[in-house]
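Letter by letter, the chains look like this.
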Amino acid sequence: MGHGGGAVNAPAHGPDPVLITAAAPSYDDQLAARKRKYVIMMGCRIPCLILAGLTYHTWWLALIFLVISVPLPWVAVLIANDRPPRKSEKVNRYQHEAKAIESKDHRVIDG
């Protein structure tokens, strides 16, 4: 009874794993992350408006909460509509070994 292949126990070039794809996260994953950021930012607007209403006796504090809450919808839409930038990180990619041309001298016979 013959055995198929064998398991390789030794790492190929070192302990770091080799990245074999530069694929970005899927569109659905990106969209879910952008929706989550949008909901969080819009959720922060409601407490700011409530705090502005509760602190109207201290006008400067109420004004701070209002100033924070006004640009939040605009910023939330910008973030939700923008895809994340591509990461420029140094990754360990597979590189095959280049075959060298022989460097020793050969005897040439001229005829």
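Residues numbered from 1 in each chain as written. Predicted model: local features only at pLDDT ≥ 70, side-chain atom pairs only at ≥ 80, totals over all residues. Heavy atoms only, no water.

Enquirer: Help me understand helix H2 (residues 59-69) in this model?
Expert: An α-helical segment advances 3.6 residues per turn. Residues three or four places apart therefore align on the same side. Those residues of H2 that fall on the buried side of the exposure criterion are Ala-62, Phe-65 and Ser-69. The arc that holds every buried residue of H2, seen down its axis, measures 60 degrees, which confines them to one face. Exposed side of H2, more than 90 degrees from the buried face: Trp-59 and Val-67 are the residues found there. Where H2 is buried, its residues meet helix H1 (27-54) and helix H3 (72-81). (Buried < 20%, exposed > 50% of the residue type's maximum accessible area, 1.4 Å probe, protein only. Helix = DSSP H or I, 4+ residues; strand = E, 2+ residues; numbered from the N terminus. Arc of directions from axis to C-beta. Contact = heavy atoms within 4.5 Å.)

Enquirer: What should I look at first to understand the packing of H1 against H3 in this one?
Expert: Helix packing geometry: the angle between the two helix axes and the distance between the axes. Following both chains from N to C, one finds H1 and H3 inclined at 175 degrees, their axes separated by 8 Å at the closest point. Comparing the axis directions of H1 and H3 gives the class roughly antiparallel. Residue-level inspection shows Arg-34, Lys-37, Tyr-38, Met-41, Met-42, Cys-44 and Arg-45 of H1 in contact with H3, the latter providing Leu-72, Pro-73, Val-75, Ala-76, Val-77, Ile-79, Ala-80 and Asn-81. Its residues assigned to classes, the contact of H1 with H3 comprises eleven nonpolar, one polar and three charged. (Axes fitted to C-alpha atoms, helices over the stretch in contact; angles between N-to-C directions. Parallel < 35°, antiparallel > 145°, perpendicular 65-115°, else oblique. Nonpolar A, V, L, I, M, F, W, Y, C, P; charged D, E, K, R; others polar.)

Enquirer: In this structure, what is going on with the confidence of the model for the protein? I would like to understand it.
Expert: Where the model shows low pLDDT, its predicted coordinates should not be examined in detail. Taken as a whole, the protein shows an average pLDDT of 78; of its residues, 63% reach a score of 70 or greater. Put simply, H3 is where the protein has its lowest mean pLDDT, 88, and H2 is where it has its highest, 92. (pLDDT = per-residue confidence, 0-100.)

Enquirer: Would you explain H1 in this entry?
Expert: In a regular helix each residue adds 1.5 Å, so 28 residues correspond to 40 Å; H1 covers 41 Å between its end C-alpha atoms and thus fits that length. Residues of H1 that are buried in the fold lie against H2 and H3. (Expected span 1.5 Å × (residues − 1).)

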